[in-house]
Amino acid sequence: MGKRIVVVGASLAGVRAARSLRRAGYLDELMLVGAETHFPPYDRPPLSKEVLSGNWTPQRGRLDASGLEDAVLRLGERAEALDAAGGTVTVGGTPVAFDGLVVATGAAVRTLPLPPEIASRALVLRTLEDSLALAGRLRPGQRVAVVGAGFLGCEIAAAAVHAAVRVHLIDRLGLPMVAALGETVAAYVAGLHRRHGVDLHLGVSITGITPGPGAHGVRIGLDDGAVVEADTLVVAVGATPETAWLAGSGLLIEDGVVCDRNCVALGADRVVAAGDVARWEHPLLRTRVRVEHWTNAAMQADVAARNLLAVLTGGEPTAYDALPYFWSHQYGVKIQFVGTASGTFVVQDGAPGEDRFVGLFRDPSGSVVGGVCVNRPDRLAGLTAAIKESLA
Ligand SMILES: Cc1cc2nc3c(=O)[nH]c(=O)nc-3n(C[C@H](O)[C@H](O)[C@H](O)COP(=O)(O)OP(=O)(O)OC[C@H]3O[C@@H](n4cnc5c(N)ncnc54)[C@H](O)[C@@H]3O)c2cc1C
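This structure is a prediction, so every number in the text was calculated from the model and none was measured.

Cut-offs and rules
- Residues numbered from 1 in each chain as written.
- Predicted model: local features only at pLDDT ≥ 70, side-chain atom pairs only at ≥ 80, totals over all residues.
- Heavy atoms only, no water.
- 1 Å grid on protein atoms, 1.4 Å probe; cavity = no way out; pocket = protein on both sides within 12 Å on 5 of 7 lines; lining within 4 Å.
- Points joined across faces, edges and corners; volume = space filled by probe spheres on them.
- Helix = DSSP H or I, 4+ residues; strand = E, 2+ residues; numbered from the N terminus.
- Nonpolar A, V, L, I, M, F, W, Y, C, P; charged D, E, K, R; others polar.
- Contact = heavy atoms within 4.5 Å.
- Near = heavy atom within 4 Å.
- Polar contact = N/O pair within 3.5 Å; in protein donor to acceptor, adjacent residues only side chain to side chain.
- Areas by Shrake-Rupley, 256 points an atom, 1.4 Å probe, with all protein chains shown as cover.
- Buried < 20%, exposed > 50% of the residue type's maximum accessible area, 1.4 Å probe, protein only.
- Pairing = 2+ DSSP bridges.
- Axes fitted to C-alpha atoms, helices over the stretch in contact; angles between N-to-C directions.
- Expected span 1.5 Å × (residues − 1).
- Bend = angle between axes of the 7 residues up to and from the residue.
- Salt bridge = Lys/Arg side-chain N within 4 Å of Asp/Glu carboxyl O.

J.: Sorry if this is basic, but what is going on with the layout of surface pockets here?
T.: Rolled over the atoms, a probe sized like a water molecule indicates the empty space that remains. The computed volume of the second largest pocket comes to approximately 260 Å³. Among the secondary structure elements, those contributing two or more residues to the lining of the second largest pocket are helix 4 (151-162) and strand 22 (325-330). Counting residues per element, the lining of the second largest pocket draws most heavily on helix 4, at five residues. By residue class, the composition of the lining of the second largest pocket is four nonpolar, seven polar and three charged.

J.: Can you help me understand the environment of Ala230 in this one?
T.: Counting through the fold element by element, Ala230 comes out in strand 15 (residues 227-230). Considering only alpha carbons, one finds Ala230 and Gly217, 13 residues apart in sequence, at a separation of 5.6 Å. Filtering out sequence-adjacent residues up to four positions away, Ala230 remains in contact with Arg143, Val144, Ala145, Gly217 and Val218.

J.: What's the story with the site of the ligand in this structure? I'm lost.
T.: Around the ligand there are 36 residues in total, and Glu36, Arg44, Lys49, Arg126 and Asp276 lie nearest to it. At a separation of 3.3 Å, a nitrogen atom of the ligand approaches a polar side-chain atom of Arg78. Here Trp327 contributes a backbone N or O atom positioned 3.1 Å from a nitrogen atom of the ligand. Here the ligand, which alone exposes 1,000 Å², has 97% of that area covered by the protein.

J.: Can you walk me through the environment of Arg362 in this structure?
T.: Checked against the element boundaries, Arg362 lands in strand 25 (residues 356-362). Its relative accessible area of 33% is what places Arg362 among the partly exposed residues. With 19 residues separating them in the primary sequence, Arg362 and Gly343 have C-alpha atoms 5.3 Å apart. Beyond its immediate stretch of four places on either side in the chain, Arg362 contacts Ser342, Gly343, Thr344, Ser367, Val368 and Val369. Of note is the side chain of Arg362, whose polar atom sits 2.9 Å from the backbone oxygen of Gly366.

J.: Help me understand the sheet that holds strand 1 (residues 4-8), please; the structure alone is not making it clear to me.
T.: Within a beta sheet, neighbouring strands are joined by backbone hydrogen bonds and run either parallel or antiparallel to one another. Read from one edge of the open sheet, five strands run 3-2-1-7-19, paired in parallel fashion. Because the sheet does not close on itself, it has two edges, and the strands there are strand 3 (72-75) and strand 19 (271-273). Strand-to-strand, the axes of this sheet are offset by a mean angle of 15°, without reference to chain direction. By the bridge criterion, four bridges tie strand 2 (residues 29-34) to strand 3 in an arrangement that is parallel. Residue Leu32 lies in a different strand from strand 3, and its bridge partner there is Leu73. The sheet strands contacting helix 1 (residues 12-23) are strand 1, strand 2 and strand 7 (100-103), and the helix crosses strand 2 at an angle near 175°. Packing of helix 6 (residues 294-313) onto the sheet brings it into contact with strand 1, strand 7 and strand 19, and relative to strand 19 it is tilted by some 170°.

J.: Which parts of the structure should I look at to understand the sheet that holds strand 25?
T.: Taking strand neighbours across the sheet as the criterion, the five strands line up as 22-23-26-25-24 in an open arrangement whose pairing is antiparallel. Each edge of the open sheet is held by one strand with a lone partner, namely strand 22 and strand 24 (344-351). Pairs of neighbouring strands in the sheet enclose a mean axial angle of 15°, with direction left out of account. As judged from the seven bridges shared by strand 24 and strand 25, these two strands associate in the antiparallel manner. Bridge pairing in strand 25 places Ala351 opposite Arg356. Against the sheet, helix 7 (residues 380-391) touches strand 22, strand 23 (333-339), strand 25 and strand 26 (368-374), its axis set at about 170° to strand 26.

J.: How should I be thinking about helix 5 (residues 178-195) in this particular structure?
T.: Every α-helix carries 3.6 residues per turn, so stepping three or four residues along brings you back to the same face. Relative to the 26 Å expected for 18 residues at 1.5 Å per residue, helix 5 spans just 18 Å between its end C-alpha atoms, considerably shorter than the ideal helical length. Along helix 5, the largest kink reaches about 90° and is centred on Thr184. Among all positions in helix 5, only Val178, Leu181, Gly182, Val185, Ala186, Tyr188, Val189, Ala190, Leu192 and His193 are buried.

J.: Would you take a moment to explain helix 4 for this structure?
T.: With twelve residues, helix 4 should cover 16 Å at 1.5 Å per step; its first-to-last C-alpha distance of 17 Å lies within 8% of that length. Turning to helix 4, its buried residues are Gly153, Cys154, Glu155, Ile156, Ala157, Ala158, Ala159 and Ala160. Downstream of helix 4 by one or two residues, Ala164 has phi in the positive range, about 60°.

J.: What is the right way to look at the pattern of salt bridges in this model?
T.: As a working rule, side chains carrying opposite charge can pair if their charged atoms are close by. Applying the stated criterion across every chain, the model contains 22 salt bridges. Here Glu36 and Arg44 are joined by a salt bridge, their closest N and O atoms 2.9 Å apart. For the salt bridge of Lys388 with Asp321, the shortest nitrogen-to-oxygen distance reads 3.3 Å. Taken as a pair, Lys388 in helix 7 and Asp321 in the loop between helix 6 and strand 22 lie far apart in primary sequence, 67 residues in all. Using a relative accessible area of 27% as the deciding quantity, one classes Lys388 as partly exposed. Counted as one network, the salt bridges with shared partners bring together Arg143, Arg219, Glu229 and Asp231.

J.: Honestly, unusual backbone geometry in this entry has me stumped. Any pointers?
T.: Negative phi values dominate among residues other than glycine, just as trans dominates among peptide bonds. In this structure, Pro40 follows Phe39 across a cis peptide bond, with omega equal to -5°. Among the secondary structure elements, Pro40 is positioned in the loop between strand 2 and strand 3. Although it is not a glycine, Asp255 adopts a positive phi angle of roughly 50°. Along the chain, Asp255 turns up in the loop between strand 17 (239-241) and strand 18 (257-259). A relative accessible area of 40% means that Asp255 is categorised as partly exposed.

J.: How do you make sense of empty space enclosed by the protein when you look at a structure like this?
T.: Counted under the stated rule, the structure contains one cavity of 30 Å³ or more. Approximately 30 Å³ is the volume found for the largest cavity. Looking at the largest cavity, the residues that line it are Tyr42, Asp43, Leu47, Val51, Pro58, Arg60, Gly61 and Leu128. Across the lining of the largest cavity, the residue classes break down as five nonpolar, one polar and two charged.

Here's what the structure looks like:
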């Protein structure tokens with residue numbers, strides 16, 4: 001009897017893991033279980049950029065699923081439960097036995113506790129369908145309120161401005177993207193949005209939301225006394241790892257599937273996890289991290305898949321030590337961030353006022369722990385190498 005490896009989650013991390021298994025020479029049964037029906041799956045970054053601003057058709061931006069022609073696809077189906085010790089995953093009410101399993105279920109959009117009459121008016125952005133629904137509302141002269149000024153809220157604001165929509169960007173923190181970028185770069189991002197006419201409501205809490213004019217309109221009360229009126233409400237307050245189906249599985253779940261440095265799940269040696277759902281012991285950062293960004297999902301899936309094969313064949317697994325990295329596009333500005341935004345920040349080259357600069361974060365010992373490149377993609381590789389060297 002041949003082996004069976006099941007990959008749960010058929011988006012970026014799942015498809016990358018499946019392709020890596022085939023490329024590494026795994027020839028037995030490969031089953032992909034995915035709650036979404038698109039295949040090849042669509043890519044998410046264009047959903048808040050090119051697709052949202054109408055520059056790309058939904059057909060563009062598909063992921064590469066070549067090499068998976070002989071995989072068993074169970075699309076439009078959810079894995080309902082896992083028995084890690086027994087080696088079964090339940091799909092469609094039936095346990096499926098596996099020799100190895102990849103958990104790649106990503107993250108689900110978070111929302112706010114809203115009364116039903118407001119919840120039915122609020123849009124979110126995680127899927128292609130969400131992006132098309134929101135794009136349909138971005139009409140010149142309309143007003144949109146975006147609650148949450150993280151990277152997604154900021155990209156939605158930029159796409160809305162591009163569509164000549166009046167934008168209110170609301171956050172309880174004092175600056176946009178401040179958790180990811182630190183204060184200096186976040187202040188630059190705030191200036192970028194102001195320059196493009198976005199009304200920023202920062203450092204404020206929402207006191208109440210009531211229905212406003214029109215089919216989808218809302219009135220948002222803020223604790224500084226302002227009332228924001230909008231034709232569309234978008235809630236962009238982050239995502240939570242998709243782990244509910246793993247309750248009672250034997251895996252350790254703590255804000256994600258907890259894994260060792262090789263991406264092997266604690267509590268089950270033939271289960272690996274990758275992408276937004278995985279929290280692993282980072283060998284260089286010396287702590288457990290979970291990263292909700294594209295490059296991590298792609299790279300971690302490759303390593304996790306190869307490590308699963310190593311576990312199954314008695315080989316030597318490799319620690320996954322890629323630094324957290326993300327990029328964002330807003331108003332034609334490309335922001336790239338690597339490492340962590342902690343310690344002291346200095347601009348090393350260029351100037352925020354020129355929309356072109358490179359900056360470094362140093363910890364108290366002087367080691368470089370993070371870096372940002374704004375419209376300087378040429379500096380990213382050097383920065384990444386410098387951070388890795390100082391952390392090693
Ligand atoms: C709008 C948007 C824009 C983004 N832009 C950027 C960007 O510019 N730069 C950047 O670095 N990152 C960006 N990201 C983040 C990046 O897209 C994610 O980190 C990446 O998609 C994670 O891939 P994943 O496969 O781990 O998870 P996901 O993409 O969430 O895929 C998980 C899949 O698993 C499925 N699933 C969940 N539960 C089950 C189950 N029980 N059974 C079966 N299937 C299940 C889900 O339906 C989904 O299809 C963006 C994300 C979004 C939403």
